[in-house]
There are 2 protein chains.
Amino acid sequence: MIEHLPLDQTSLNSARQRVTQALDPAALREAGMRVMELLADHFARVQRSEGNVLNWSDPKACIADARSYVDRASEPGGAVDATPDAIAARIAELTQQILSRGQTLHDPRYVGHQVPPPMPLAGLFDAIGSITNQVMAIYEMGPWASAVEEAMVRTLGERIGYVKDTFAGFITSGGSLANLTALLTARNVAIKGVWREGMHGTKGPPVVVTHAEAHYCVARAVGMLGIGTSNLLKCGLDAQHRMDPVALDELLTQLNREGRPVIAVVAAACSTKYGAFDPLNEIADVCARHRVWLHVDAAHGGAACMSVTHRHLVEGLHRADSVVWDAHKMLHVPALCTFVFYRNREHRFAAFEQDAPYLFDSSAPGIAEFDSGLKTVECTKRAEAFGLWGLWSLFGPRLFADIVDVTFATGRRFFQMLRDAEDFVPLHEPQCNIVVFRHVPRAWESLSPQRVGELQLALRRRVIESGRYYLVPSKVDGIGALRAVITNPLTDEEHLEGLMETLRKEAVNLSS
Amino acid sequence: MIEHLPLDQTSLNSARQRVTQALDPAALREAGMRVMELLADHFARVQRSEGNVLNWSDPKACIADARSYVDRASEPGGAVDATPDAIAARIAELTQQILSRGQTLHDPRYVGHQVPPPMPLAGLFDAIGSITNQVMAIYEMGPWASAVEEAMVRTLGERIGYVKDTFAGFITSGGSLANLTALLTARNVAIKGVWREGMHGTKGPPVVVTHAEAHYCVARAVGMLGIGTSNLLKCGLDAQHRMDPVALDELLTQLNREGRPVIAVVAAACSTKYGAFDPLNEIADVCARHRVWLHVDAAHGGAACMSVTHRHLVEGLHRADSVVWDAHKMLHVPALCTFVFYRNREHRFAAFEQDAPYLFDSSAPGIAEFDSGLKTVECTKRAEAFGLWGLWSLFGPRLFADIVDVTFATGRRFFQMLRDAEDFVPLHEPQCNIVVFRHVPRAWESLSPQRVGELQLALRRRVIESGRYYLVPSKVDGIGALRAVITNPLTDEEHLEGLMETLRKEAVNLSS
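Residues numbered from 1 in each chain as written. Chains lettered and ligands numbered in written order. Predicted model: local features only at pLDDT ≥ 70, side-chain atom pairs only at ≥ 80, totals over all residues.

Draft legend 1. Focus on the pairing of strand E12 (residues 472-476) of chain A. The pairing of E12(A) with strand E13 (residues 479-485) of chain A spans 5 bridges and is antiparallel. When the bridges of E13(A) are listed, A:Val472 appears paired with A:Arg483. (Pairing = 2+ DSSP bridges. Helix = DSSP H or I, 4+ residues; strand = E, 2+ residues; numbered from the N terminus.)

Quick look at the structure:
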């Protein structure tokens, strides 16, 4: 007999009673109402820029604060009274803490990372999934969640230009995991037997060719998959920071001569650093000629498929063997919701080679076609499509076109403002809403480039810690620079003028 | 000049106006109230088992239904009127669709997968994160989200028994990704230079040793990391399906003799199939003797750390080099929220070897310590700790002990009920809330074991598609079986009797 000292029945009954109280729907009703009111008030304030755009706080102090709530409740008598009223009051207090200390992406002064201020209504659909825990792994675990995901895969895939019923896809937890999974499939397709035998017997060794300024997760994927980052080769770029098809052709020809198998070419639509869109049709031509898998990281720029005005940026995307597109970037749903597409439907199960008898049921073999777990790293997976499905079902595709049109146009406008100012230097001509630049007041013109770069980073840190604007750092030719991603459609010229003024003032403070 | 045909100012102004309307906080307020009411009513009904426990639906029809909402809104005039009233009404309709078609884990007749009916209040905290899009990657992107995560890492790590300030950890999107990341770290630590050079030059080849009935994601990790699944070796189990330390010792000795490097030993706390807890102290002794990395997949069983009664099951867990623990399993928060721990703090950055200049800011080098993206596959990551932080801050640790105590005791009780019935055969003595069994009515006793196994799966399918109970299939020695995970604290003896009665009735229907 296994050691087993169960609780006595009385203790067990008390435990069950306490859990039942915590599950009381009345507490959810009351607390939920309070939370929704607090959220609506919060958004109204944030949209008017009434607080800080970044609630900066020293990490150690911040962790201690977060921990203090947990520790207090861990003490005898520290738990809340289990009545709906008391629970709702305590939740309101904790909610205010989260909101007052958290990030405020919806402030139009936020021009930071490629993380949008998502539509709060999309978050509401996501919340329905979270609160009821709609998940999937196999179809039967979440028929509706699985169906919504498949419906959105087909909807976006057709927008890319893939031919109905010939492609496949799935949603996964973020762009890095998505790029990893797509490159895993490319590896498995390119190298026969690698799943079982591993990479240690491969000849060449095999390589991956990438846009030279791809997101860091491409190099990570190569490191993770056992290919080795020394076998990740960067393809040359043109003057607009786009992958050069001629350079690609030469590189692939040379690799062929050297007998080095190419697992995939990774193009960008757009690149993280400058928002540059690779010439996909020309690249697809080169890849077709060399019979190499073309993967396109369209995490940010996939959204251009939604806009008549900007569609030309992703011309040729439908020719990619695999595509990654983050709905939680420019489709403005909350993180994480990343789509992976395979042009050829036959590759949909090529990432993994296994099954689990307790999951995949031989009594209903046809159903496995709809089991998400066979395609994704995740076993249990959130219903990540709910936000996008809900938003699209409310507003239709025009909302997404509007978001792209407004933010890309504002990015363009910012570029013009920087170009027209004597003390700002745009470092590229933006193709979308990512703008890299430097502030160089007259007093700094005589400094070394290195020093000017250091000052950009110091300047940025002062600005973000002040809570007045949020932008991010970059490097151009090894020298520090500033980077703005105009992802909030509420951000207009006035805010951008304010940003430039703030940078000017802080630069003076920094110099003095 | 880059091709650029911007929208005229009038079109742009209209687009901006439409987006601004969709962002109206008043719409969130009104829709949010409606959704909370619908959710509270839903939980009240589900807890009383008023509907189906599984809303089964044919995949193709279900996908078509999901798609129809999107297609309708894509037609001219299909979008909702952008007033708070109209938006709230449409959202209420879509919410009812999600709730009536979705999974109902909170129905006490749900004894299916290792996916709990989470505390709806935890979901509410998660929702705050979703609706405002609290994310992280670097500390400055989400100081509060990062701090809450670190506070919970420390809280749970100390519960495991790790020594304060000597261990490290992070949260990631699910158990599969967590096991992958921990084994990636083990691979990088075991094989010098593998990140850069890849697996193709390694000698041995290197192996991973695993609990023979580990979750399928362990084999997947080995396939993904370029190690090759033929180099995943299964360690023998004892009569209670636990990893046998003597067999492990022999296997490691033999591998040493053969000159095959061992990347890691993967133990289970508990195993997916039977819920068997490996003898961690003995296994840690063997691993220490052989100087091999011990990884413990405690996705399900980590929660035993919270219970005085069941703590003995995870005795020795603090000796593991890495541990995976899903809060979205037995801590009853919504998916996904998985903790990864490293006993030795020095391993916290060993999974990856790179940086991205636009992320990791040289002007504040000390801050990188708190950047989540250096430790996780995800770059942008949800504030996955909010649910657990909120729940703990409300109810303290006793709630989690209660959940474990109640569900483990009910699992035990179910085993006794099966053992006492003439027509049921429990296939192991459960150590927790996972129970594997068969229904064998007199009429089936003369059938071949294979046929009895097929009937278990057919029986289960009839039961789940009827919506009356939800349990899952398994296989024991290649023969079909039934598996119940009692994860809902509201599930009691009466429900389990009902399950047995339902199986009996459907078996009669199946036979006739």
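Draft legend 2. Structural context of the sheet that holds strand E7 (residues 322-326) of chain B. Residue and element names in this part refer to chain B. Taken in spatial order, the 7 strands of this open sheet run E2-E8-E7-E6-E5-E3-E4, and their pairing is mixed. Each having just a single partner strand, strand E2 (168-172) and strand E4 (232-235) make up the two edges of the open sheet. Averaged over all neighbouring strand pairs, the angle between strand axes comes to 20°, with direction disregarded. Here strand E3 (residues 207-211) runs beside E4; their pairing, made up of 4 bridges, is parallel. Bridging across to E4, Val208 finds its partner in Leu232. In this fold helix H10 (residues 245-257) packs onto E3, E4 and strand E5 (262-268), with an angle of close to 145° to the strand it touches most, E4. (Axes fitted to C-alpha atoms, helices over the stretch in contact; angles between N-to-C directions. Contact = placed C-beta atoms within 7 Å.)

Draft legend 3. Region of interest: the relation of the copies chain A and chain B. When chain A is fitted to chain B, the best match, at an RMSD of 0.0 Å, comes from turning it 180° and sliding it 0.0 Å along the axis. Both copies of the chain, as the preceding transformation shows, are related through a two-fold rotation axis. Within chain A, the C-alpha atom positioned nearest to the axis of rotation is that of A:His200, 1.6 Å from it. Take the interface residues of chain A: 100% of them recur as interface residues in chain B, which is what a same-surface contact looks like. (Least-squares fit on C-alpha atoms with pLDDT ≥ 70 in both.)

Draft legend 4. Quick peek at the interface of chain A and chain B. Listed as interface residues are 169 residues of chain A and, on the opposing side, 169 residues of chain B. Of the residues that constitute the side of chain A that touches chain B, the class distribution is 96 nonpolar, 44 polar and 29 charged. (Nonpolar A, V, L, I, M, F, W, Y, C, P; charged D, E, K, R; others polar.)

Draft legend 5. Summary view of the domain arrangement of chain A. Residue and element names in this part refer to chain A. When the domains of chain A are assigned, the result is domain 1 (19-104), domain 2 (127-395) and domain 3 (399-511). Relative placement of domain 1 and domain 3: their C-alpha centres are 34 Å apart. On the side of domain 3, 7 residues touch domain 1, which itself brings 6 residues to the contact. Residues that form the side of domain 1 that touches domain 3 fall into these classes: 3 nonpolar, 3 polar and no charged. (Domains from an automatic or database assignment.)

Draft legend 6. Expanded view of the nonpolar core. In this structure, A:Leu121 and B:Leu121 are the most contacted members of the largest nonpolar core, which totals 369 residues. Among residues more than four places away in sequence, those in contact with B:Leu121 are A:Ala22, A:Ala27, A:Leu28, A:Ala31, A:Ile87, A:Ile91, B:Gly390, B:Leu391 and B:Leu394. (Core = buried A, V, L, I, M, F, W, Y, C linked by C-beta atoms within 7 Å. Buried ≥ 20, exposed ≤ 12 C-beta atoms within 10 Å, placed from the backbone.)

Draft legend 7. Fine view of the sheet that holds strand E3 (residues 207-211) of chain A. All names here are of chain A. Ordered in space as E2-E8-E7-E6-E5-E3-E4, the 7 strands form an open sheet in which the pairing is mixed. Two strands in the sheet have a free side with no partner beyond their single neighbour: strand E2 (168-172) and strand E4 (232-235). In this sheet, adjacent strand axes meet at a mean angle of 20° when their direction is disregarded. Together, E3, E4 and strand E5 (262-268) form the strand contacts of helix H10 (residues 245-257), whose direction differs from that of E4 by roughly 145°.

Draft legend 8. Looking closely at the environment of A:Thr380. By secondary structure assignment, the location of A:Thr380 is in the loop between strand E8 (338-342) and strand E9 (381-382). In this structure, A:Thr380 is in contact with A:Val135, A:Ala137, B:Val115, B:Gly174, B:Ala335 and B:Leu336, ignoring residues within four places of it in sequence.

Draft legend 9. The arrangement of the packing of helix H14 (residues 449-466) of chain A against helix H15 (residues 493-511) of chain A in detail. All names here are of chain A. Packing of H14 against H15 brings their axes to within 10 Å, and their N-to-C directions diverge by 110°. Taken as axis vectors, H14 and H15 run roughly perpendicular relative to one another. Crossing of H14 against H15: the hand is right-handed. Note on element contacts: H15 touches H14 through Thr502, Leu503, Glu506, Ala507 and Leu510, opposite Leu455, Ala458, Leu459, Arg462 and Val463. Class assignment of the residues belonging to the contact of H14 with H15 gives a composition of 7 nonpolar, 1 polar and 2 charged. (Parallel < 35°, antiparallel > 145°, perpendicular 65-115°, else oblique. Left-handed = near helix turned anticlockwise from the far one by under 90°.)

Draft legend 10. Representation of the confidence of the model for chain A in the model. Per-residue confidence for chain A averages 95 on the pLDDT scale, and 97% of its residues sit at or above 70. With a pTM of 0.97, the predicted complex shows an ipTM of 0.97. (pLDDT = per-residue confidence, 0-100.)

Draft legend 11. Structural view of helix H2 (residues 25-47) of chain B. With 23 residues, H2(B) extends 32 Å between its outermost C-alpha atoms, agreeing within 8% with the 33 Å of an ideal straight helix rising 1.5 Å per residue. A positive phi of about 55° marks B:Ser49, the residue just after H2(B). (Expected span 1.5 Å × (residues − 1).)

Draft legend 12. Main features of unusual backbone geometry. All names here are of chain A. Cis geometry is found at the peptide bond from Gly204 to Pro205, where omega equals -20°. Following the sequence through the fold, Pro205 ends up in the loop between helix H8 (194-197) and E3. The omega angle of the peptide bond from Ala269 to Cys270 is 5°, so this bond is cis rather than trans. Along the polypeptide, Cys270 turns up in the loop between E5 and helix H11 (280-290).

Draft legend 13. Layout of the packing of helix H12 (residues 386-395) of chain A against helix H3 (residues 59-74) of chain B. It is the contact of H12(A) with H3(B), at a shortest axis distance of 6 Å, that shows an interaxial angle of 40°. Taken together, the axes of H12(A) and H3(B) are oblique relative to one another. Pair H12(A) / H3(B) crosses with left-handed handedness. Along the contact surface, H12(A) presents A:Trp389, A:Trp392, A:Ser393, A:Leu394 and A:Phe395, while H3(B) presents B:Ala66, B:Tyr69, B:Val70 and B:Ala73. A breakdown of the residues in the contact of H12(A) with H3(B) according to their chemical character gives 8 nonpolar, 1 polar and no charged.

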